[in-house]
Amino acid sequence: MPHARSLLRVAQRLTPEAEDLVQEAMLLAWRSFHQLQTGSNARAWLFRIMFNAFYARGRKARLATVPLDRQDVAADQNPGTRAEVAQALGQLADDHRTVLLLAVVEGFTCQEIAGILDVPMGTVMSRLSRARDAMRNRLAPKCAAGGAS
Amino acid sequence: MTCKETLAVSSLYLSGELDAEQAAEFRAHLGACPACAGELERLTELDARIRDAVLGEPVDSAGVETRVRQAITPRRSWWIGVAAAIVGAAVLSVYTYRAAQPPPRECTAAATDHHREVVDARPRNWLSDPAAVEALAARQGIDGAAVSQIMSAGLRLEHGKICRLDGNLFLHLVFWRDGQQVSIFLRKGAEGPSDTRTVHSGAEDVAYFETSRVKALVVADAPSNHARAIAQAVQKTL
């Protein structure tokens, strides 16, 4: 089913009710599929539906971090790296983590993210910049802070 | 462009959102400023580290997908279920027979590419604008009108990019039809018109044909057997 895995990947970092949220989003998308315009970005449209559903739930269920499956960590060649990144992501503010995941992991542009989250593009860029700074500080010294003027 | 201005738009540069002139100015500054060049390199490394860590975690969406399918599928009477089982067994035997035939390597590669790029939705630099996709097609020697002709078969274009299948460059187009994503791989025709043939590869069906203008491979989820029907509809338009 298109994009279910991508939606779930992000939803798991929004709420412990991730599967319910993705199910709701996909059913909403199914019902309003006729509204999707030819040539429009269907993936961004699906994410927008999911975030609208998430906000409609009133963010009642926050999730600080997603625990890693121990078996998966053991099988990873760099278990420390993956666990560190997961922990650092979990410590970010929700809005910052969301923008970072959409941009860096899901590959959306800042303009697309602004549409998905219904916020100004400047807000997206600001959150993205702060999220990257926070991740870099938390993952130091492997990603040492830069010294550009 | 100053260091401050450069860093302010670094996110837009990384996501490919600067126009050609701005991107050239950005790169010119990096060439002259080791501090900003180093900063961008660290940002790129950080992004790669985050991406690898998150994409490396398994995500099992099978449960959600099953529940969604159940919710959108009308309930059936018991005798329809029996009939469906008989038809299913017949279809399964056909698939089993087909599975014994080695599929063309381009088809196997197309199914693999569809699964990785579309089903798993690995982030890639797709083009969503139909005009940009048509221009991309034209650069591959494919008549740009082919994209809109395919859409006339009832498919909605989602995006497209160039990929390589078994050593050959193809235009990989992703369409929506009946709530499902379908990949169509196109390249300039070389061998002349042929009928539509279908092979099974992994969880997908691949239907392929050639017209006087293009070679086309259509990849869709196997259980729906959409690939062949879509390929035949598309073949009529091309």
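Above: the structure in question.
Please read all numbers here as calculations on a predicted model, not as lab measurements.

## Some words on the overall build of chain A
Helix and strand counts for chain A come out as eight helices and zero strands. Of the regular secondary structure in chain A, the N- to C-terminal order runs α-α-α-α-α-α-α-α. Counting only residues that meet the buried cut, chain A has 53% of its 149 residues in that class. Considering only contacts within chain A whose residues lie at least 6 apart along the sequence, 64% involve residues at least 24 apart. As displayed, chain A offers around 6,700 Å² of accessible surface, 48% of which is attributable to carbon and sulfur atoms.

## Focus: the pattern of salt bridges
All chains considered together, the criterion is met by 20 salt bridges over all chains. Across the pair E117 of chain B and R116 of chain B runs a salt bridge whose closest N-O atoms are separated by 3.2 Å. By relative accessible area, which is 5% here, E117 of chain B ends up buried. One connected set of salt bridges, linked through shared partners, spans D133 and R136 of chain A together with E39 and R42 of chain B.

## Description of the sheet that holds strand 6 (residues 214-221) of chain B
Residues and elements named next belong to chain B. Read across the open sheet, the six strands follow the order 1-2-3-6-5-4; overall the sheet is antiparallel. Each edge of the open sheet is held by one strand with a lone partner, namely strand 1 (156-165) and strand 4 (194-201). The sheet shows a mean angle of 20 degrees between the axes of neighbouring strands, taken without regard to direction. Seen against the sheet, helix 10 (residues 226-237) touches strand 2 (168-177), strand 3 (180-188), strand 4, strand 5 (204-210) and strand 6 and runs at an angle of roughly 25 degrees to strand 5.

## A word on empty space enclosed by the protein
Residues and elements named next belong to chain A. Under the counting rule described, the total for this entry stands at three cavities of 30 Å³ or more. Estimated volume of the largest cavity: approximately 90 Å³. Together, twelve residues line the largest cavity, and L14, F54, D94, D95 and T98 are the ones closest to its centre. Residue assignment for the lining of the largest cavity shows that the elements contributing at least two residues are helix 3 (42-56) and helix 6 (94-105). Among the elements that line the lining of the largest cavity, the one with the most residues is helix 6, at four residues.

## Some words on the packing of helix 1 (residues 4-11) of chain A against helix 3 of chain A
A pair of packed helices is captured by two measures, namely the crossing angle of their axes and the spacing between those axes. Residue and element names in this part refer to chain A. Taken N-terminus to C-terminus, the directions of helix 1 and helix 3 make an angle of 40 degrees; their axes are 11 Å apart at the nearest point. For the element pair helix 1 / helix 3, the angle class is oblique. Where helix 1 crosses over helix 3, the handedness of that crossing is right-handed. Listed contacts from helix 3 to S6, L7, V10 and A11 of helix 1 are R43, L46, F47, M50 and F51.

## Here we look at the environment of T196 of chain B
Residues and elements named next belong to chain B. Mapped onto the fold, T196 is located in strand 4. Between the C-alpha atom of T196 and that of Y208, which follows or precedes it by twelve residues, the distance is 5.5 Å. Residue contacts for T196: discarding those within four places in its chain leaves A207, Y208, F209, R228, A231, Q232 and Q235. There is a polar contact of 2.8 Å between the side chain of T196 and the side chain of Q235.

## Quick look at the nonpolar core
Membership of the largest hydrophobic core comes to 69 residues, with the highest contact counts inside it found for F47, M50, F51, L100, L102 and M135 of chain A together with I50 of chain B. Broken down by element, this core gets its largest block of residues, ten residues, from helix 3 of chain A. Excluding its chain neighbours within four sequence positions, the residues that come into contact with I50 of chain B are V85, L100, V104, V105 and M135 of chain A. One finds L136, L157, L171 and F175 of chain B within the second-largest nonpolar core, a separate group that totals 28 residues.

## Focus: the packing of aromatic side chains
Residues and elements named next belong to chain A. Throughout the structure, instances matching the rule amount to four aromatic pairs over all chains. Between the aromatic rings of F47 and F108, the centroid separation amounts to 5.1 Å while the plane-to-plane angle is 75 degrees, which identifies the pairing as edge-to-face. One end of the pair, F47, is in helix 3; the other, F108, is in the loop between helix 6 and helix 7 (110-117), with 61 residues separating them in the sequence. F47 gets classed as buried once you look at its relative accessible area, which sits at 0%.

## Some words on a negative patch on the surface
Residues E5, D19, E21 and E25 of chain B make up a contiguous surface patch of negative charge. Turning to its location among the elements, E25 of chain B is positioned in helix 3 (residues 20-32).

## Regarding the layout of surface pockets
Roughly 700 Å³ of volume is contained in the second largest pocket. As for the second largest pocket, its lining consists of 30 residues, and the residues nearest its centre are A103, G107 and F108 of chain A together with R124 and N125 of chain B. Broken down by secondary-structure element, the contributors of at least two residues to the lining of the second largest pocket are helix 6 and helix 8 (121-139) of chain A together with helix 2 (10-14), helix 4 (34-55) and helix 7 (105-119) of chain B. Ranked by residues supplied to the lining of the second largest pocket, first place goes to helix 4 of chain B with three residues.

Procedures and definitions
- Residues numbered from 1 in each chain as written.
- Chains lettered and ligands numbered in written order.
- Predicted model: local features only at pLDDT ≥ 70, side-chain atom pairs only at ≥ 80, totals over all residues.
- Heavy atoms only, no water.
- Helix = DSSP H or I, 4+ residues; strand = E, 2+ residues; numbered from the N terminus.
- Buried < 20%, exposed > 50% of the residue type's maximum accessible area, 1.4 Å probe, protein only.
- Contact = heavy atoms within 4.5 Å.
- Areas by Shrake-Rupley, 256 points an atom, 1.4 Å probe, with all protein chains shown as cover.
- Salt bridge = Lys/Arg side-chain N within 4 Å of Asp/Glu carboxyl O.
- Pairing = 2+ DSSP bridges.
- Axes fitted to C-alpha atoms, helices over the stretch in contact; angles between N-to-C directions.
- 1 Å grid on protein atoms, 1.4 Å probe; cavity = no way out; pocket = protein on both sides within 12 Å on 5 of 7 lines; lining within 4 Å.
- Points joined across faces, edges and corners; volume = space filled by probe spheres on them.
- Parallel < 35°, antiparallel > 145°, perpendicular 65-115°, else oblique.
- Left-handed = near helix turned anticlockwise from the far one by under 90°.
- Polar contact = N/O pair within 3.5 Å; in protein donor to acceptor, adjacent residues only side chain to side chain.
- Core = buried A, V, L, I, M, F, W, Y, C linked by side-chain atoms within 4.5 Å.
- Phe/Tyr/Trp six-rings, centres within 6.5 Å; stacked < 30°, edge-to-face > 60°.
- Patch = residues over 30% accessible without salt bridge, like charges linked within 9 Å, V, L, I, M, F, W, Y side chains within 5 Å.
- Lys, Arg positive; Asp, Glu negative; His and termini not counted.
- Charge placed at Lys NZ, Arg CZ, Asp CG, Glu CD.

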